[in-house]
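Residue-level structural notes
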Amino acid sequence: MTRSETLFQEAVQYIPGGVNSPVRAYGSVGMTPRFIRQAKGPYVTDVDDNRYIDYIGSWGPMILGHNHPAVLEAVTKTAMDGLSFGAATEIEVEMAEYICGNVPSVDMVRMVNSGTEAVMSAIRVARGYTRKNKIIKFAGCYHGHCDAMLVKAGSGVMTAGIPDSAGVPAGCTQDTLTAVYNDIDSVKAIFAEFDGQVAAVIVEAVAANMGVVLPKAEFLRELRRLCTEHGALLIFDEVITGFRLAFGGAQEYFGISADLVTYGKIIGAGMPVGAYGGRRDIMQQVAPVGPVYQAGTLSGNPVAMAAGLTQLKILKETPGIYSHMASMGERLFGGMKALLRTYGKNQPLNHTASLGCMYFTDQEVYNYETAKTSDTEAFAGYFRFMLEHGIHLGPSQFEAMFVSNAHTEEVIDQTLDVVKQYLESRV
Ligand SMILES: *Cc1c(COP(=O)(O)O)cnc(C)c1O
């Protein structure tokens, strides 16, 4: 038995499913998880000393590659002065100034500890500000695991085969209205039916929790227009897209301003951090200045802020990072597409910037329903082949591949070679 298998046997006795987040489970690919011991640049190494080229990147945060020396140094230096004070610190001000100074739509920001918390809080603020209750979300978009958002939630919930979640009272989701991604008429219909009751529309501008689904032309612009017209706030959930599609996230990438934005993942550089921010008049609703309560013992933790701020500054201030990731994304995903064509496969491969997903269907994927046509058994076979040949992918059809700044042409070409071998083995 490998060390990973031994650890998994122990893990399942003490941790539900042996994992602390369902997306780490290998159930849907018919395997048991590889336990990771160490990571560097584009690689992760498991406890049996197998090294893999990594396309998970901790689900996004490791955009500079694993264990970036400057981030590591910031963390160790800051930790020397104490791990947490539960009191105001200078680095929180620096972090907030940096985000507000570099993301035009964000005048004020509040730090939290996860993407889930960021979304939960942003929704509360939207409701408090508009004095309305209904929230429109899209099927297949994941916004963390707060009760109100566990409706057609994509990602781990998709392959776990749980329609929603047990333990969520109907009362918690009765104000959650589900629209169809890329279908603006479905949003118009909801606004018409619930006229004057919608507090906010929340969307992943690029949906990256049902694989990767790109917004069609005008979809986001129409959402913006409808929200303004109906007095609802537009919330961009940028937990994946923020600081990834561009420094200014999907807002910059698509040239659209949201009223509230949520962050996570990259903003913490691998530490547990989330944030939400937006227009000053909206953010002034938050306690202690406003009536919307939201708090956190470890929020704005100095070590986490040091990690996140260091990463953000490198992303913003190093020329060529986003163009390198875009060109590595193009090399990888464009290369995979070319291979699929060569081997006569019709499978769609959706990608933009450093995010991509290959689906096992012959249908175009543009929403939750079409994503679900994917053959998850076929994905499982592909996943196993890739893993056995040194490529670490998310263990589900509905996860994105994340390219980092540490991925080089050489590493991408090695990956393409394995994809080629896989396709060859299927002939
Ligand atoms: C990961 C994710 C979340 C939840 O973030 P956690 O830190 O896992 O709580 C929310 N929204 C999106 C778009 C995500 O990808």
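Residues numbered from 1 in each chain as written. Predicted model: local features only at pLDDT ≥ 70, side-chain atom pairs only at ≥ 80, totals over all residues. Heavy atoms only, no water.

Per an unreviewed UniProt entry, the recorded name for the protein is Glutamate-1-semialdehyde 2,1-aminomutase, and the organism is Ruminococcus gauvreauii. The protein has a UniProt comment under Cofactor (unreviewed entry) that states "pyridoxal 5'-phosphate". In its Catalytic activity (unreviewed entry) section, the UniProt record describing the protein reads: "(S)-4-amino-5-oxopentanoate = 5-aminolevulinate". (UniProt positions renumbered as here; feature names shortened; annotations may be inferred.)

Glancing now at the overall build of the protein. Along the protein, the regular secondary structure elements total 15 helices and 14 strands. Taking 22 Å as the expected radius of gyration for a compact globule of 427 residues, we find that the protein reaches 21 Å, a close match to that expectation. With the C-alpha coordinates of the protein rotated into their principal frame, the extents come out at 60 × 55 × 45 Å. A buried classification covers 57% of the 427 residues belonging to the protein. The contacts in the protein between residues at least 6 apart in sequence include a share of 72% that link residues at least 24 apart. Counting every atom, the protein has about 17,700 Å² of accessible surface; 52% of that belongs to carbon and sulfur. Of the side chains in the protein, 34 bear a positive and 44 a negative charge, and the two mean positions are spaced by 2 Å. (Helix = DSSP H or I, 4+ residues; strand = E, 2+ residues; numbered from the N terminus. Rg over C-alpha atoms; globule rule 2.2 N^0.38 Å. Buried < 20%, exposed > 50% of the residue type's maximum accessible area, 1.4 Å probe, protein only. Contact = heavy atoms within 4.5 Å. Areas by Shrake-Rupley, 256 points an atom, 1.4 Å probe, with all protein chains shown as cover. Lys, Arg positive; Asp, Glu negative; His and termini not counted. Charge placed at Lys NZ, Arg CZ, Asp CG, Glu CD.)

Another point: the site of the ligand. Around the ligand, the neighbouring residues are Ser 114, Gly 115, Thr 116, Tyr 142, His 143, Gly 144, Glu 204, Asn 209, Asp 237, Val 239, Ile 240 and Lys 265. The separation between an oxygen atom of the ligand and a polar side-chain atom of Asn 209 is 3.1 Å. Between Asp 237 and the ligand, the recorded distance is 2.7 Å, taken from a side-chain N or O atom to a nitrogen atom. Isolated, the ligand exposes 380 Å² of accessible area, and the fraction of that covered by the protein chains is 84%. Grouping the amino acids of the shell around the ligand by side-chain chemistry returns three nonpolar, six polar and three charged. (Near = heavy atom within 4 Å. Polar contact = N/O pair within 3.5 Å; in protein donor to acceptor, adjacent residues only side chain to side chain. Nonpolar A, V, L, I, M, F, W, Y, C, P; charged D, E, K, R; others polar.)

This paragraph deals with the pattern of salt bridges. Taken as a whole and judged by the stated rule, the model has twelve salt bridges. Between Lys 134 and Asp 175 there is a salt bridge, with its nearest N and O atoms 2.9 Å apart. Placement of Lys 134 in strand S5 (residues 134-138) and of Asp 175 in the loop between helix H6 (170-173) and strand S6 (176-179) is noted, with a sequence separation of 41 residues between them. Pair check on accessibility: Lys 134 and Asp 175 agree, each one buried. Salt-bridge contacts for Arg 331 lead to Asp 413; the nearest nitrogen and oxygen are separated by 2.8 Å. Of this pair, Arg 331 sits in helix H12 (residues 321-342) while Asp 413 sits in helix H15 (residues 409-426), placing them 82 residues apart in sequence. Taking relative accessible area as the criterion, Arg 331 reaches 32% and is therefore assigned partly exposed. (Salt bridge = Lys/Arg side-chain N within 4 Å of Asp/Glu carboxyl O.)

Turning to the nonpolar core, a few remarks are in order. Judged by nonpolar contacts, the single largest core of 48 residues is most densely connected at Phe 138 and Leu 223. If you tally residues by element for this core, the top one is helix H8 (residues 219-230), at five residues. Ignoring anything within four residues of it in the chain, the contact list for Phe 138 reads Lys 152, Thr 178, Ala 179, Val 180, Tyr 181, Val 187, Val 201, Ile 202, Val 203, Phe 219 and Leu 223. (Core = buried A, V, L, I, M, F, W, Y, C linked by side-chain atoms within 4.5 Å.)

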